[in-house]
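# Fold and geometry: a report
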Amino acid sequence: MATATAVRTRTSTRNRLLDILAKGWAYFFLLAMVTFFSLTGPGFFSINNFSNILVTSTLVALMAIGQTYVVITAGIDLSIGWTVGLASVVSARAMRDLVNGGTDIAPAMLIGVSMALFVSLIPGLVNGVLIARVKVPPFIATLGMFGIVRGAAFLLTDGQQVVGNLPDSLREVMRALGNGSLIYYVPEQGLVWFTRPTDLPQQILRGVTSLLPYPVIVTAFVVVIFAFILGRTQFGRHTYAIGGNPDAAVRAGVNVKRHLMLIYMLSAFTAGIAGVMHSFRYTAGAPQAGEAALLQSVAAVVIGGTSLFGGEGKISGAVIGAIIIAVLQTGLVILNVDSIWQFIVVGVVIIIAVLVNQAQAALERLRTNG
């Protein structure tokens, strides 16, 4: 009897440890990467570099937020990469034309941002209608929208790669918001708010550190809102229910069609926010702004523990996934590794994430049956 009890205790302890590793592997992996690059990459372990990593991760993180909702419902949104580009183009072009037409900068920016976010909802609405009402598979519907939005973005730029020629006054404000910080640390002075000092000796300017970049603040605000919606509201519970068992969700009274339409609009909306932030950061609109980040957003979602089969996932996991990708990219650049290897490394990490996800599911089945 004592032996059987000891065996059950050891088995229970082992299962708990495996469960912790399966659910928290991304955090352990992130810690391991930071440690490795800090020991091997000169200049990696610094506040300035960590601040840059967070800024770099914002584009993927914003796309991954909406993608998380979609994947939880067992779907996929392949159109958000070019929705980012469309929003970037619309915002930059609208602000440029309004300012050139005599509109003050503040209202021009407000109108330009609002137009970009509104336009970004259109691909999401069409995706939602096709998937929820016409029953087109998400992969096919969003792949088709991928091409449509891509063409629309380039049409708005007359086939050019960027929307440039912004007035200098507008460019300065966009650069300040897209690349500025709420707080700076200045050697020998301490904390400085809002404006990066420029009238200092060069050796001191090199030590100025951005502590709270505006893109990170905006992204954190979006993360908190959508994490709350997913984890604490009826909308979030219905999202999980649809991903777990759509037929059961229908029987429970959930309007699955309307909910799926809202989910794909939400995905497009967060991509629109990413596009606007891209135009501010680079003071230009670019149709291809989110092209490379599409794969990375899916990778961030999977790395963060969201199940590709639906019904499981968290916004916090997707954010950690986005940071992991940014750390990988930054670390490899510091180590002078060819950029081509970034795609290979991210692909390997995706496969590892799926294997861990499957191992976790197998552990749950073993625990249920045992």
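Everything below is about the structure printed above this text.
Fair warning: this is a prediction, and the values are worked out from it, not measured in the lab. (Residues numbered from 1 in each chain as written. Predicted model: local features only at pLDDT ≥ 70, side-chain atom pairs only at ≥ 80, totals over all residues. Heavy atoms only, no water.)

## Let's talk about the overall build of the protein chain
Assigned secondary structure in the protein chain consists of 14 helices and three strands. Counting over 370 residues, the protein chain shows a buried share of 47%. Sequence separation of 24 or more characterises 77% of the internal contacts of the protein chain that already satisfy a separation of 6 or more. Carbon and sulfur atoms make up 66% of the accessible area of the protein chain, which amounts to about 18,200 Å² in all. (Helix = DSSP H or I, 4+ residues; strand = E, 2+ residues; numbered from the N terminus. Buried < 20%, exposed > 50% of the residue type's maximum accessible area, 1.4 Å probe, protein only. Contact = heavy atoms within 4.5 Å. Areas by Shrake-Rupley, 256 points an atom, 1.4 Å probe, with all protein chains shown as cover.)

## Thoughts on the pattern of salt bridges
Between side chains of opposite charge, a pair can form as their charged atoms come close. For the coordinates displayed, the defined rule picks out three salt bridges. For Arg93, the salt bridge goes to Asp97, with nearest N and O atoms at 3.8 Å. In this pair, Arg93 and Asp97 both sit in helix α3 (residues 80-100), four residues apart, roughly one turn of the helix. On the accessibility criterion, Asp97 (39% relative accessible area) is partly exposed. Close ionic contact of Asp97 with Arg96 constitutes a salt bridge, the shortest N to O distance being 3.2 Å. Taken together, the shared-partner salt bridges connect Arg93, Arg96 and Asp97 into one network. (Salt bridge = Lys/Arg side-chain N within 4 Å of Asp/Glu carboxyl O.)

## A short note on the packing of helix α9 (residues 234-244) against helix α11 (residues 256-282)
For the pair α9 and α11, interaxial distance at closest approach is 11 Å and the crossing angle is 105 degrees. As the angle between them shows, α9 and α11 are arranged roughly perpendicular. Taken together, the residues of α11 that come into contact with α9 (itself represented by Phe235, His238, Thr239 and Ile242) are Val256, His259, Leu260, Leu262, Ile263 and Leu266. Residue classes in the contact of α9 with α11 are distributed as seven nonpolar, three polar and no charged. (Axes fitted to C-alpha atoms, helices over the stretch in contact; angles between N-to-C directions. Parallel < 35°, antiparallel > 145°, perpendicular 65-115°, else oblique. Nonpolar A, V, L, I, M, F, W, Y, C, P; charged D, E, K, R; others polar.)

## Considering helix α5 (residues 138-156)
Taking 1.5 Å per residue, 19 residues should reach 27 Å; α5 reaches 26 Å between its end C-alpha atoms and fits that length. Along α5, the positions that sit buried rather than exposed are Ala141, Thr142, Met145, Val149 and Ala153. The buried residues of α5 all sit within an arc of 95 degrees when viewed along its axis, so they share a single face. Residues of α5 that are exposed and point over 90 degrees away from its buried face: Ile148 and Leu155. Each element contacted by the buried residues of α5 is listed here: α3, α4 (105-132) and α11. Positive phi shows up at Asp158, right after α5, with a value of about 55 degrees. (Expected span 1.5 Å × (residues − 1). Arc of directions from axis to C-beta.)

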